[in-house]
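Summary of structural features
Residues per chain are reported as follows:
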Amino acid sequence: MIFSSVSPAKTGAEAWFEDMSLSLTAISRQPGGMRREIRQAVRLAEKFNREFVRPRALAMDRRLQEDHDYLPLEWVEEANRRGFFTMCIPRMLGGRGVCFPALSYFMEEIASECLGMANVIGAHYLGLGTLIVTWNMPLMARVCDEIVSGEKSGQACLVSLAMTEPTSGSDTPEPELLDKGTVNCHAGKVAGGYRVNGSKLFISNGHFSTWHITVAFEDLKRPADSGVVLAVKTGSPGFKIGGKESKMGQLACPASELFFNDCFVPDDQVALCADHTRGYHRTGRQIYQRLFDDLCSISRAGICALSAGAARGAYQDALAFAAGASGRDGALINAEWVQCRLADLYRNAVMTRLLYVETNYANGLYGVYRQLQSKPAYYALKYLPAGLSRRLTRAVIQQDRLTRFMRRMQLDRYNAAQVQRTAGMAALAKFAGSDLAVENCQKALEIMDRAGLRHASGAEKRLRDAKLLQIYEGTNQINRLDLFRHLIGRGLPQVRLHEDAAGRSCDHGKK
């Protein structure tokens, strides 16, 4: 792969300052109302933890270990009843309109009690986020309508992202690695839509979801040049949900197998295909890369938020244990080695939070959140009567011109240097945050010794749950390479990536 030749806007110390001082730039531009929304979201999550998650998390984990096929639907129903699946849908689409950065704080809080429950909510927004970054406005409005209706009826409507395949996982968002691997989910163009054949696995919330935003390929030999994003609905002829995958942690959030056997997807459920971007300056491969850079910029910040919750939970477990336990020389909390360990745990929890906060600032300045976080748009959406907002939205959202305009602005006329900053920060947040979370879980067990290994302590569950954070949304090794690709090696024309992975080159970001 020929490395991107895009240079940072500035060089040396100035470039470092621009990359690593995002909060300094963002804070004056951010609407003041966001801070109040974030605090309200944290209080909501605290209440949910106190009333529902904390009294049930360990018992549910035990039950799911004993009964692999059990699906904790009552957890989905409770989250639906409390409005969590519409919380971040804009008011103009019928949702509660809480700003997207608040979702990170919300998930951190729930993850401090149970990562599985937090991921049930997070995976729903991952599926919805994938649909959003295709900028198919009518389809987005249709799916959001069903989510809102599901909340009112009590029948939860969730969205999953169906991407991982038996022979490809972390490499799927990377065009070079995607071409090197083997994919099997084929989308054949037919009259009126696509016909899909193949399978997906490790799909979070697959068993719970009504809509599955599915990534398939028109040419299996050239997948990165022929990606198609489709919205497949549960119950569609030819679509089947298979078994649950076995995994060690986050058991409350099922990882599912999905099968497509001549599954017809009509044109109005095609979120993005080559016909939609015909005439763009960017190639199909560049658009595919752009789509997943955008998606990963927000989803990896979300994984870092889950990591922050796990890191904080481990710190709190260890502190509570040390405060109440005694060693040979008296109270454990007074042992110097314990105090040093607790300081490390506290440091890691704080560092993990700062990483996702800074990444969200990057997304607000340069990424997917930019439009909604501009002060005029934010306050208009906030204070315009909800009924009027929805009527206006319905009047314009079906206009093809709006979808064409938004899609061209986001997928064709983007600033490559800004994409590097958001995607690079997200990759850093993902691998650093999840590594720190696992480190905290291990250090907490060191302090708690044998007591920490008992299921009732919650500490061993937390470590099982946290290990998954290092694997999904791109393994941490892939994320390290993404950080190198976006921020470290830019402007160095001699740098090559994935040289042993593919013979062809990638020119993403050259323009």
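Further remarks concern the overall build of the protein chain. Helix and strand counts for the protein chain stand at 17 helices and 10 strands. Computed over the C-alpha atoms, the radius of gyration of the protein chain is 23 Å, within 12% of the 24 Å expected from 2.2 N^0.38 for a compact globule of 511 residues. On the principal axes, the C-alpha backbone points of the protein chain span a range of 75 × 55 × 50 Å. Going through the 511 residues of the protein chain one by one, you find that 58% of them count as buried. Total accessible area computed for the protein chain in this model is approximately 21,100 Å², and 54% of it derives from carbon and sulfur atoms. Charged side chains in the protein chain number 65 positive and 53 negative. The centres of these two groups are separated by 6 Å.

Of all hydrophobic cores here, the largest spans 129 residues; its most connected members are Phe106, Met117, Leu306 and Leu469. At 17 residues, helix H9 (residues 284-324) tops the list of elements feeding residues into this core. In contact with phenylalanine 106, not counting residues within four places along its chain, are Ala41, Leu44, Ala45, Phe84, Met87 and Ile121.

Next up on the list: the pattern of salt bridges. Per the counting criterion, the structure on display carries 35 salt bridges. Close ionic contact of arginine 285 with glutamate 176 constitutes a salt bridge, the shortest N to O distance being 3.2 Å. Taken together, the residues span a long stretch of sequence, with arginine 285 in helix H9 and glutamate 176 in helix H8 (residues 175-180) at a distance of 109 residues. With respect to burial, arginine 285 and glutamate 176 carry one shared label: buried. The buried category is assigned to arginine 285, whose relative accessible area is 7%. A single network of salt bridges, built from pairs that share partners, joins Lys47, Glu51, Glu78, Arg81 and Arg82.

Per the stated rule, a full pass over the model turns up four cavities of 30 Å³ or more. In this structure, the largest cavity occupies an estimated 220 Å³ of space. Gly97, Val98, Cys99, Leu372 and Tyr378 are, among the 16 residues lining the largest cavity, the residues nearest its centre. Within the residue set of the lining of the largest cavity, elements represented by two or more residues are helix H5 (100-111) and helix H11 (375-383). For the lining of the largest cavity, the leading source of residues is H11, giving three residues. Of the residues belonging to the lining of the largest cavity, the class tally is 11 nonpolar, two polar and three charged.

All right, on to the environment of glycine 206 then. Turning to its location among the elements, glycine 206 is positioned in the loop between strand S3 (193-204) and strand S4 (209-217). Here the alpha-carbon distance between glycine 206 and alanine 79, two residues 127 residues apart in the chain, equals 17 Å. Residues contacting glycine 206, with those up to four places away along its chain left out, are His212, Ile241, Pro254 and Ser256.

Their axes nearest at 9 Å, the elements helix H10 (residues 336-366) and helix H14 (residues 416-448) cross at an angle of 160°. In terms of orientation, H10 and H14 fall into the roughly antiparallel class. The way H10 lies across H14 gives a crossing that is left-handed.

A grouping of Tyr346, Val350, Met351 and Leu354 is seen on the molecular surface, where their side chains present a nonpolar patch of about 380 Å² in accessible area. On the secondary structure map, valine 350 appears in helix H10.

Within the secondary structure, methionine 351 sits in helix H10. Residue methionine 351 is classed as partly exposed on the basis of its relative accessible area of 42%. For methionine 351 and alanine 380, which are 29 residues apart along the polypeptide, the C-alpha to C-alpha distance reads 34 Å.

This part covers the packing of H9 against H10. Orientation of H9 relative to H10, taken along the N-to-C sense of each, is 160°, at an axis distance of 9 Å. Between H9 and H10, the interaxial angle falls into the category roughly antiparallel. Handedness of the H9/H10 crossing: left-handed. In terms of residue class, the contact of H9 with H10 is made up of 17 nonpolar, six polar and two charged.

Right, let's get into the packing of aromatic side chains. To describe a pair of aromatic rings, you give the distance between the ring centres and the angle between the ring planes. In the structure shown here, the tally under the stated rule is 11 aromatic pairs. Consider the rings of phenylalanine 84 and phenylalanine 106, whose centres lie 4.9 Å apart with planes at 70°: the pair is edge-to-face. Here phenylalanine 84 is found in the loop between helix H4 (73-81) and H5, whereas its partner phenylalanine 106 is found in helix H5, with 22 residues between them in sequence. Given the relative accessible area of 1%, phenylalanine 84 is considered buried. Residue phenylalanine 106 is classed as buried on the basis of its relative accessible area of 0%. Through a chain of ring-to-ring contacts, three or more aromatic side chains come together here, namely Phe48, Phe52, Trp75, Phe84 and Phe106. When the ring centre of tyrosine 70 is taken as reference, the NZ or CZ atom of arginine 63 above it lies at 3.7 Å.

Another point: the pairing of strand S1 (residues 158-162). Buried residues dominate S1, accounting for five of its five residues. Burial of S1 is two-sided: the residues Leu158, Ser160 and Ala162 facing one way and the residues Val159 and Leu161 facing the other way are all buried. Relative to S4, S1 is paired through five bridges, and the arrangement is parallel. Pairing of serine 160 across the sheet is with histidine 212, part of S4.

This part is about the pairing of strand S2 (residues 186-190). For S2 and S3, the ladder comprises five bridges, and the chain directions are antiparallel. Looking across to S3, one finds that lysine 189 is bridged to tyrosine 194. Connecting the antiparallel pair S2 and S3 is a turn made up of two residues, with glycine 192 showing a positive phi of about 85°.

This next bit is on the environment of glutamine 420. Mapped onto the elements of the fold, glutamine 420 is located in helix H14. Expressed as a C-alpha distance, the spacing of glutamine 420 and aspartate 293, which sit 127 residues apart in the sequence, is 8.5 Å.

Turning our eyes to something else, we now look at the side chain of glutamine 470. Assignment of secondary structure puts glutamine 470 in the loop between helix H16 (459-467) and helix H17 (476-488). Here glutamine 470 is in contact with Lys430, Ser434, Asp435, Val438, Thr475 and Asn476, once residues within four sequence places are set aside.

Definitions and cut-offs
- Residues numbered from 1 in each chain as written.
- Predicted model: local features only at pLDDT ≥ 70, side-chain atom pairs only at ≥ 80, totals over all residues.
- Heavy atoms only, no water.
- Helix = DSSP H or I, 4+ residues; strand = E, 2+ residues; numbered from the N terminus.
- Rg over C-alpha atoms; globule rule 2.2 N^0.38 Å.
- Buried < 20%, exposed > 50% of the residue type's maximum accessible area, 1.4 Å probe, protein only.
- Areas by Shrake-Rupley, 256 points an atom, 1.4 Å probe, with all protein chains shown as cover.
- Lys, Arg positive; Asp, Glu negative; His and termini not counted.
- Charge placed at Lys NZ, Arg CZ, Asp CG, Glu CD.
- Core = buried A, V, L, I, M, F, W, Y, C linked by side-chain atoms within 4.5 Å.
- Contact = heavy atoms within 4.5 Å.
- Salt bridge = Lys/Arg side-chain N within 4 Å of Asp/Glu carboxyl O.
- 1 Å grid on protein atoms, 1.4 Å probe; cavity = no way out; pocket = protein on both sides within 12 Å on 5 of 7 lines; lining within 4 Å.
- Points joined across faces, edges and corners; volume = space filled by probe spheres on them.
- Nonpolar A, V, L, I, M, F, W, Y, C, P; charged D, E, K, R; others polar.
- Axes fitted to C-alpha atoms, helices over the stretch in contact; angles between N-to-C directions.
- Parallel < 35°, antiparallel > 145°, perpendicular 65-115°, else oblique.
- Left-handed = near helix turned anticlockwise from the far one by under 90°.
- Patch = residues over 30% accessible without salt bridge, like charges linked within 9 Å, V, L, I, M, F, W, Y side chains within 5 Å.
- Phe/Tyr/Trp six-rings, centres within 6.5 Å; stacked < 30°, edge-to-face > 60°.
- Lys NZ or Arg CZ within 6 Å of the ring centre and 35° of its normal.
- Pairing = 2+ DSSP bridges.

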